[in-house]
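Descriptive analysis of the structure
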Amino acid sequence: MNNNANANEVGNREGDGRGNQGHQIPEHLLRVAPRPRDVMFTLSERQLEMLYVRWDAARIRVHQQIYNPHLPFQPYPLPPAWSEEARAMMILWVARERRMFELEMQELEYLLGLRGAR
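Residues numbered from 1 in each chain as written. Predicted model: local features only at pLDDT ≥ 70, side-chain atom pairs only at ≥ 80, totals over all residues. Heavy atoms only, no water.

**Observations regarding the side chain of Gln-64**
Stated precisely, the cut-off is as follows: What counts as a helix is a DSSP run of H or I of at least four residues, what counts as a strand is a run of E of at least two, and both are numbered from the N terminus. Residues are treated as being in contact if the distance between any of their heavy atoms lies within 4.5 Å.
Relative to the elements of secondary structure, Gln-64 occurs in helix α2 (residues 45-67). If we skip the residues at most four places from it in the chain, Gln-64 touches Pro-69, Leu-71, Pro-72 and Phe-73.

Pasting the structure below:
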């Protein structure tokens, strides 16, 4: 990739050689790319059911590691075979759930007076 905006054909189209001074995304690119908040991902009932079963298994493993580390662990089950689209949705779902948990714990700390007031 060339770092010169004019060489990459996204610079100033007026031809004055100044490049993209306003740091604006060209209008033709905005028409093509969907806005991130406009993209919807849905999981099937089967995928959600499998996900929650695996999440419960993950909780059990974590609790065993913390409270009963002397007990033998069950082997990990084989991971499901995901399509690329389903795998991407799962990654996004897990990231969203992780962020929601972090925000919930942060709110709990505020409510318990463990963090400064906002």
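**As for the packing of aromatic side chains**
The following threshold applies: Here is the rule: rings of Phe, Tyr and Trp (six-membered ring for Trp) pair when centre to centre is within 6.5 Å. Planes less than 30 degrees apart are stacked, more than 60 are edge-to-face, and the remainder are tilted. Residue burial is assigned from relative accessible area. The probe radius is 1.4 Å, only protein chains are included, and a residue is buried under 20% of its type maximum, exposed over 50%, and partly exposed in between. The rule for a charge over a ring is simple: NZ of Lys or CZ of Arg within 6 Å of the ring centre, and within 35 degrees of the ring normal.
According to the stated counting rule, one finds three aromatic pairs in the structure shown. Measuring from centroid to centroid gives 5.8 Å for Tyr-52 and Trp-93, while their planes differ by 85 degrees, and the two rings are edge-to-face. Here Trp-93 lies in helix α3 (residues 84-111) and Tyr-52 lies in helix α2, a separation of 41 residues in the sequence. Here Tyr-52 falls in the partly exposed class, since its relative accessible area comes to 45%. In this arrangement the basic side chain of Arg-61 is found over the ring face of Tyr-76, its NZ or CZ atom lying 3.8 Å from the centre. One residue, Arg-115, lies across the ring of Tyr-110, its end atom 5.9 Å from the ring centre.

**A closer look at α3**
Note the following rule: Expected span, for any helix, means 1.5 Å times one less than how many residues it has.
Taking 1.5 Å per residue as the helical rise, α3 with its 28 residues ought to reach 40 Å, and the 41 Å between its terminal C-alpha atoms agrees with that figure. For α3, the complete set of buried residues consists of Ala-86, Met-89, Met-90 and Trp-93. Contacts from the buried residues of α3 go to α2. In the segment just after α3, Gly-113 is the residue with positive phi, at about 75 degrees.

**Remarks on the environment of Arg-115**
Selection rule: Distance and chemistry together define a polar contact, namely a pair of N or O atoms within 3.5 Å, with one atom able to donate a hydrogen and the other to accept it when in protein, and with adjacent residues in sequence counting only for side-chain atoms on both sides.
Tracing the sequence through the fold places Arg-115 in the segment after α3. Judged by relative accessible area, which is 38%, Arg-115 ranks as partly exposed. When neighbours within four sequence positions are excluded, Arg-115 is seen to be in contact with Gln-106, Glu-109 and Tyr-110. At a separation of 2.4 Å, a polar atom in the side chain of Arg-115 contacts the side chain of Glu-109.

**A few points about the pattern of salt bridges**
Short version of the rule: The term salt bridge refers to a pairing of a side-chain nitrogen on Lys or Arg with a carboxyl oxygen on Asp or Glu at a separation within 4 Å.
In the structure shown here, the tally under the stated rule is three salt bridges. Ionic pairing is found between Arg-96 and Glu-97, a salt bridge with its closest N-O pair at 3.0 Å. Looking at Arg-96, the relative accessible area reads 45%, which means it is partly exposed. Glu-97 sits in the partly exposed class, given a relative accessible area of 23%. Where Glu-109 meets Arg-115, a salt bridge forms, and the shortest distance between an N and an O atom there is 2.4 Å.

**Describing α2**
Residues lying three or four places apart along an α-helix face the same way, a consequence of the helix completing one turn every 3.6 residues. Counted at 1.5 Å a residue, the expected span for α2 with its 23 residues is 33 Å, and the 33 Å between its end C-alpha atoms agrees. The secondary structure elements touched by the buried residues of α2 are α3.

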